[in-house]
Amino acid sequence: MNTTESRDAPPTLVVVASTYPRWHGDPEPAFVHELSRRFIGRFRVIAVVPDAPGADESGVQDGVEVVRFRYAPRILQTLVNDGGIIANLQKSSWKPLLLPTFAISQWWSVWRLLRRNKVDAIHAHWLLPQGLIAVLACKLTHRAPPVLVTSHGADLFALRGFLPSLLKRFVARNVDMFTVVSEAMRPELARIGARMERVLVRPMGVDLLHVFKPDSLVERADQELLFVGRLVEKKGLRYLIDAMPEVLKSIPDVRLFVVGFGPERTRLENQASSLGLSDKIQFVGPLPQASLPAYYQRATVFVAPFIEAESGDQEGLGLVAAEAAGCACPVIIGDVPGAHGLLNPSCAKFVRPKNTGELAAAIVEVLKDRAGREQRALRARERVLKTIDWNVVSNGYAELIDGIVKSRH
């Protein structure tokens, strides 16, 4: 990295994250990179993210200087992808062994950047471990920049117990600003003792103008359900599969397309098979972001049966519902608190989590009421355009980071 800074150079922002695209077209969630690349011109952005099998080498991606740190032999660097850190820790007996080297390696990379560069701000995505890494790196350098931490949900809701709560409280009290992606997350931050005057609600975004938009050339199907997301417990797909036999009694030709990947895929495929639904449910697998709009534009209804997992993990926002709404696809959604940060009952059908009977009835009702679902879909697109489009979101975050930099100076 260059250690000399021009007077005219933009401020340097270090982004610290775990989930990040490994290569162009990676099906992993890309919201951290999408936000970071929209800062280019306003900031010099350096993203410190984990390496993974098959990942691109460190280098510039869409203007973002990507620094990939290694935390194990490359073939074993599987803590983050295909489900996320929390799901991988829960599903594998050996992956917790990777957590210490992951945290230490990312901390070392951030600390070296702080020592070698004039860093003006840090944006850490996820409270633990990235928020903790950023705070500790700053405390051990004489040029500590202001720190913004963004919690996306799992890090706040799922990590319970004395030690995680203690660490979360330590981070929340030692950062300059804290953002959560939905209003529903604020009470949990208050519970752990965060300084609420420093907490703001700022969602992640979706490209609703160029990518996730209606297409008049794509004909919408009559009886096609769609699920998109990681195959982990909090997404609630098992309850959608359980609801399918009841749906099929009323609408025999309905089909469900499942787009995504994760540690529960085998169990979910076995569930579908045991219910005799193998010809009614198609597991598409992971797809790059560029391929998703065609599915949203064609589906009759998008179903996001969110639940609260046994660990307490739940959706902080649920951007897939915004992607569907952007494409004018009617939405049925599990009524978890974070879902209300995106939509409301006037533009989406809400159902009680884990209630398969209510879910099945809602699907049948929406499939049979074409006029009603189309009206709700139009209202949903209007709503998310005002709040979730990347232009709105990225400008809000850029102004927030500018503010904490200026206040520190």
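Q: I would appreciate a short explanation of unusual backbone geometry in the present structure.
A: Glycine aside, the phi torsion of most residues is negative, and most peptide linkages are trans. Residue Pro129 follows Leu128 across a cis peptide bond; omega there is 0 degrees. The residue Pro129 is located in helix α4 (residues 127-139) in this model. Notably, Asp82 is not glycine yet its phi reads approximately 60 degrees, a positive angle. Mapped onto the elements, Asp82 comes out in the loop between β4 (64-69) and α2 (85-91). The partly exposed category is assigned to Asp82, whose relative accessible area is 38%. Residue Trp126 is not a glycine yet carries a positive backbone phi of 85 degrees. Note that Trp126 resides in the loop between β5 (121-125) and α4. The exposure class of Trp126 is buried, given its relative accessible area of 11%.

Q: What's the story with the packing of helix α8 (residues 237-250) against helix α9 (residues 265-274) in this structure? I'm lost.
A: When two helices pack together, you describe them by how their axes are tilted relative to each other and by the distance separating the axes. Where α8 contacts α9, the two axes come as close as 10 Å, and the packing angle between them is 10 degrees. One way to sum up the angle between α8 and α9 is to call them roughly parallel. Between α8, through Leu237, Arg238, Ile241 and Asp242, and α9, the contact on the second element is made entirely by Arg267, Leu268, Gln271 and Ala272. For the contact of α8 with α9, the class distribution of residues is four nonpolar, one polar and three charged.

Q: Could you clarify how one ought to interpret a nonpolar patch on the surface in this entry?
A: On the surface, Ile75, Leu76, Trp94 and Leu97 cluster together into a nonpolar patch covering about 450 Å² of accessible area. Locating Leu76 in the fold gives a position in the loop between β4 and α2.

Q: Honestly, the sheet that holds strand β13 (residues 331-334) in this entry has me stumped. Any pointers?
A: Whenever strands of a sheet pair, they do so through backbone hydrogen bonds, lying parallel or antiparallel. The strand order across the open sheet formed by six strands is β11-β10-β9-β12-β13-β14, and the pairing between neighbours is parallel. Looking at strand neighbours, the two that pair on one side only are β11 (281-285) and β14 (349-351), the edges of this open sheet. Ignoring strand direction, the axes of neighbouring strands in this sheet form an average angle of 20 degrees. Across three bridges, strand β12 (residues 301-304) lies against β13 in parallel orientation. Looking at β13, one finds that Phe302 is bridged to Val331. With respect to the sheet, α8 is in contact with β9 (224-228), β10 (255-259), β11 and β12, its orientation differing from that of β11 by roughly 155 degrees.

Q: What exactly am I supposed to notice about the sheet that holds β5 here?
A: The sheet built from eight strands is open, its strands ordered β3-β4-β2-β1-β5-β6-β7-β8 with mixed pairing. A strand with exactly one partner marks an edge of an open sheet, and here the two such strands are β3 (59-61) and β8 (199-201). Across the sheet, the axes of successive neighbouring strands diverge by a mean angle of 25 degrees, strand direction being ignored. Where strand β7 (residues 177-180) and β8 come together, three bridges link them in parallel fashion. Opposite Thr179, over in β8, you have Leu200 as the bridge partner. Where helix α3 (residues 98-116) meets the sheet, its contacts fall on β1 (12-16), β2 (44-50), β4 and β5, and the angle it forms with β2 comes to roughly 160 degrees.

The rules behind these values
- Residues numbered from 1 in each chain as written.
- Predicted model: local features only at pLDDT ≥ 70, side-chain atom pairs only at ≥ 80, totals over all residues.
- Heavy atoms only, no water.
- Helix = DSSP H or I, 4+ residues; strand = E, 2+ residues; numbered from the N terminus.
- Buried < 20%, exposed > 50% of the residue type's maximum accessible area, 1.4 Å probe, protein only.
- Axes fitted to C-alpha atoms, helices over the stretch in contact; angles between N-to-C directions.
- Parallel < 35°, antiparallel > 145°, perpendicular 65-115°, else oblique.
- Contact = heavy atoms within 4.5 Å.
- Nonpolar A, V, L, I, M, F, W, Y, C, P; charged D, E, K, R; others polar.
- Patch = residues over 30% accessible without salt bridge, like charges linked within 9 Å, V, L, I, M, F, W, Y side chains within 5 Å.
- Areas by Shrake-Rupley, 256 points an atom, 1.4 Å probe, with all protein chains shown as cover.
- Salt bridge = Lys/Arg side-chain N within 4 Å of Asp/Glu carboxyl O.
- Pairing = 2+ DSSP bridges.

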